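Secondary and tertiary structure notes
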Amino acid sequence: MAADTKDPPPAPTGEGNAVATAAMVIIIVMTVAALRLGRSVVLPVVLSVLLSLLLGTPMRWLHRHHVPERIGAALVVFGALALAAGAAALLIAPATDWINTAPATLKRVEGKVRRL
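Right, let's walk through the structure included here. (Residues numbered from 1 in each chain as written. Predicted model: local features only at pLDDT ≥ 70, side-chain atom pairs only at ≥ 80, totals over all residues. Heavy atoms only, no water.)

**Here's the deal with the overall build of the chain**
Of regular secondary structure, the chain possesses three helices and zero strands. For the chain, the succession of helices and strands along the chain, N to C, is α-α-α. With 116 residues in all, the chain has 5% of them scored as buried. For the chain, the accessible area works out to roughly 10,500 Å², and carbon and sulfur atoms hold 73% of it. (Helix = DSSP H or I, 4+ residues; strand = E, 2+ residues; numbered from the N terminus. Buried < 20%, exposed > 50% of the residue type's maximum accessible area, 1.4 Å probe, protein only. Areas by Shrake-Rupley, 256 points an atom, 1.4 Å probe, with all protein chains shown as cover.)

Here is the structure:
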């Protein structure tokens, strides 16, 4: 019986690492380019998936409590719109204050950075 001897795998060379790195960079660049070109298709699909994941839980809860599906969908959609409108109403005043004071704040920051 001959002993089963295996040669150790070859040590990675710099050339192999360079090829792998170049391939990874090419894949990343192509993925970003594809997403930018297809954003008119990809963005609605991603948004719909996120909304279905977000709003699916309240729909399942309403379904378990024997609320008809159409009424439950209307409640969830209008509830989400009401929450978004309420959040926007709460954030309008601070946002307008921040926008109005932004030029003066930026000038102060610029003066402090120049001193550094």
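**Examining helix α2 (residues 39-64)**
Relative to the 38 Å expected for 26 residues at 1.5 Å per residue, α2 spans 37 Å between its end C-alpha atoms, a close match to the ideal helical length. For α2, the principal kink sits at Gly56 and spans about 35°; a proline, Pro58, occurs within the next four residues. Positive phi shows up at His66, right after α2, with a value of about 60°. (Expected span 1.5 Å × (residues − 1). Bend = angle between axes of the 7 residues up to and from the residue.)

**A short note on the pattern of salt bridges**
Overall, the coordinates contain one salt bridge when judged by the stated rule. In this structure, the salt-bridge partner of Glu110 is Arg114, at a minimum N-O distance of 2.7 Å. Pair noted here: Glu110 and Arg114 are both in helix α3 (residues 69-115), with a separation of four residues, about one helical turn. (Salt bridge = Lys/Arg side-chain N within 4 Å of Asp/Glu carboxyl O.)

**Describing the environment of Ala80**
The residue Ala80 is located in helix α3 in this model. Each C-alpha atom, one on Ala80 and one on Leu55, is 8.4 Å from the other, the two residues being 25 residues apart in sequence.

**Digging into the layout of surface pockets**
By volume, the largest pocket is sized at about 200 Å³. Lining the largest pocket are Leu51, Leu54, Leu55, Pro58, Leu75, Val76, Val77, Gly79, Ala80, Leu81 and Leu83. Listed by contribution, the elements that provide at least two residues to the lining of the largest pocket are α2 and α3. In terms of residue count, the dominant contributor to the lining of the largest pocket is α3 (seven residues). Among the residues making up the lining of the largest pocket, the classes are represented as ten nonpolar, one polar and no charged. (1 Å grid on protein atoms, 1.4 Å probe; cavity = no way out; pocket = protein on both sides within 12 Å on 5 of 7 lines; lining within 4 Å. Points joined across faces, edges and corners; volume = space filled by probe spheres on them. Nonpolar A, V, L, I, M, F, W, Y, C, P; charged D, E, K, R; others polar.)

**Section: a nonpolar patch on the surface**
A cluster of nonpolar side chains, contributed by Leu35, Val41, Val42, Val45, Val46, Val49, Leu50 and Leu53, occupies part of the molecular surface with about 690 Å² of accessible area. Summarising the element assignment, Leu35 is placed in helix α1 (residues 14-37). (Patch = residues over 30% accessible without salt bridge, like charges linked within 9 Å, V, L, I, M, F, W, Y side chains within 5 Å.)

**Structural notes on α3**
Along an α-helix, residues three or four apart share an orientation, since each turn contains 3.6 residues. Within α3, the axis deviates most sharply at Ala102, by approximately 50°, and proline Pro103 lies no more than four positions further along. Of the residues making up α3, those classed as buried are Gly72, Val76 and Ala102.

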